[in-house]
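Commentary on secondary and tertiary structure
Each chain, letter by letter, is given below.
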Amino acid sequence: KKGQSRDDDKYPGYRAAMVRGDLPAALASLNAAFAADPASELAGAYQWKFMLLLRRNRTADVDDYVRSLLERYPDNDDVMSFASACVVATSEEVRFDTKLAHEAAKRAAGFAKPGTRWAQFAGWRLGWAQFHVGKRAEAIATMEATLAAVRRLKGSVDTGDLESDCAEALKVFRAAAR
C-alpha cells in the first residue's frame, strides 16, 4: 500500500486508469507526470510507458517515443538498453523503425560491460539491428563474436537459449547474404 500511495502521488491517476483498463488515460497520466517532473520518467516509469505503447499496438507512437528518448537520454544505459530490448526485431519480421532500433542497440551494446550476461544479449540485438539496416557483414561479425563470447561464458553465466539464438541468427544472415 505504501508503494502504491507513492506511485499515486508521483503519477496521479495512473494506477486507477490501469485498474479500469483505460490505457489512453494511463498514458495521459504518465505524460502529465513526466511534464511536471521530468525525473519521474527516469525513475523507471519510461518502462511503463513503453509497455502501454506496445499494448496499444501503435508502431508510430513507439517509434516516436524511441526517437524522443534517443534525443533526451542518449547516454542513459538503462533507457537505451530497455528501448533496444523493446524495438529491435530479433527475427526477419520487422515492426519498428530499423534506424532507430539500430541506434538504440548500438548505444546499449556500447554501455554493456564485456563478459556479462547483458553484454551477450546486447550483442545479439545489435547483430539483428545491423542486419535490419542492411549491414549484413557487420551483423555476421557481431553475431559470431557474440556466439563465441556466449560459448566462453557457458557454465559461468546463464544465457538461456542465447547460444542457439545466435546460431539461428547467423543462418538467417548468411542465407540473406547469398
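Refer to the structure printed above.
Residues numbered from 1 in each chain as written. Predicted model: local features only at pLDDT ≥ 70, side-chain atom pairs only at ≥ 80, totals over all residues. Heavy atoms only, no water.

Quick notes on the overall build of the chain
On a plain count of helices and strands, the chain comes out with 10 helices and 0 strands. Listing the helices and strands of the chain from first to last along the sequence gives α-α-α-α-α-α-α-α-α-α. By the burial criterion, 41% of the 178 residues in the chain qualify as buried. Look at the contacts in the chain between residues 6 or more apart in sequence, and 60% of them connect residues 24 or more apart. (Helix = DSSP H or I, 4+ residues; strand = E, 2+ residues; numbered from the N terminus. Buried < 20%, exposed > 50% of the residue type's maximum accessible area, 1.4 Å probe, protein only. Contact = heavy atoms within 4.5 Å.)

Points about unusual backbone geometry
Positive phi, close to 60°, is recorded for N57, a residue that is not glycine. Following the sequence through the fold, N57 ends up in the loop between α4 (39–56) and α5 (59–72). Looking at N57, the relative accessible area reads 52%, which means it is exposed.

Observations regarding the nonpolar core
Core analysis: the largest hydrophobic core is formed by 48 residues, its most contacted members being F50, V87, W128, M143 and F173. The contacts of F173, once residues within four sequence positions are left out, are G127, W128, F131, R136, A139, I140 and M143. (Core = buried A, V, L, I, M, F, W, Y, C linked by side-chain atoms within 4.5 Å.)

Quick word on the packing of aromatic side chains
For any two aromatic rings, the description comes down to two numbers: the centre-to-centre distance and the angle of the planes. Tallied over the full model, the rule gives 9 aromatic pairs. Taken together, a centroid distance of 5.9 Å and an interplanar angle of 80° make the contact between Y46 and F82 edge-to-face. In this pair, Y46 sits in helix α4 while F82 sits in helix α6 (residues 77–87), placing the two residues 36 residues apart along the sequence. F82 gets classed as partly exposed once you look at its relative accessible area, which sits at 21%. Taking the centre distance of 4.7 Å and the plane angle of 20° together, the rings of F131 and F173 count as stacked. With F131 in helix α8 (residues 117–132) and F173 in helix α10 (residues 162–177), this residue pair connects regions lying 42 residues apart in the sequence. Exposure class is identical for F131 and F173. Each is buried. Ring pairing ties together the aromatic residues Y46, F50, Y65 and F82, which thus form one cluster. (Phe/Tyr/Trp six-rings, centres within 6.5 Å; stacked < 30°, edge-to-face > 60°.)

Some remarks on the environment of P24
Tracing the backbone through its elements, the reader meets P24 in helix α3 (residues 23–36). Along the sequence, P24 and E103 sit 79 residues apart, while their C-alpha atoms lie 28 Å from each other.

Looking at the pattern of salt bridges
For the structure shown, the criterion picks out 11 salt bridges. Between D8 and R15 there is a salt bridge, with its nearest N and O atoms 2.8 Å apart. One network of salt bridges, in which partners are shared, links D75, E103, K106 and R107. (Salt bridge = Lys/Arg side-chain N within 4 Å of Asp/Glu carboxyl O.)

A short note on helix α7 (residues 98–111)
Look at α7: 20 Å from first C-alpha to last across 14 residues, which is about the 20 Å you get at 1.5 Å a residue. Among the residues of α7, L100, A101, H102, A104, A105 and A108 are the ones counted as buried. For α7, the secondary structure elements touched by its buried residues are α5, α6 and α8. For α7, the N-terminal capping position is held by D97, with its side-chain oxygen 2.9 Å away from the main-chain nitrogen of K99. (Expected span 1.5 Å × (residues − 1). Polar contact = N/O pair within 3.5 Å; in protein donor to acceptor, adjacent residues only side chain to side chain.)

Description of the packing of α3 against α4
In a pair of packed helices, the angle between the axes and the distance between the axes together describe the arrangement. One way to put it is that α3 packs onto α4 with a least axis distance of 10 Å and a crossing angle of 155°. The angle between the axes of α3 and α4 places the two elements in the roughly antiparallel class. For the element pair α3 and α4, the recorded crossing hand is left-handed. Counted together, L23, P24, A26, L27, L30, N31, A33 and F34 of α3 and S40, E41, A45, Y46, W48, K49, L52, L53, R55 and R56 of α4 form the full contact between these two elements. (Axes fitted to C-alpha atoms, helices over the stretch in contact; angles between N-to-C directions. Parallel < 35°, antiparallel > 145°, perpendicular 65-115°, else oblique. Left-handed = near helix turned anticlockwise from the far one by under 90°.)

Looking at the side chain of Q120
Along the chain, Q120 turns up in helix α8. Excluding residues that lie within four positions of it along the chain, Q120 makes contacts with G115, T146, A149, V150, L153, T159 and L162.

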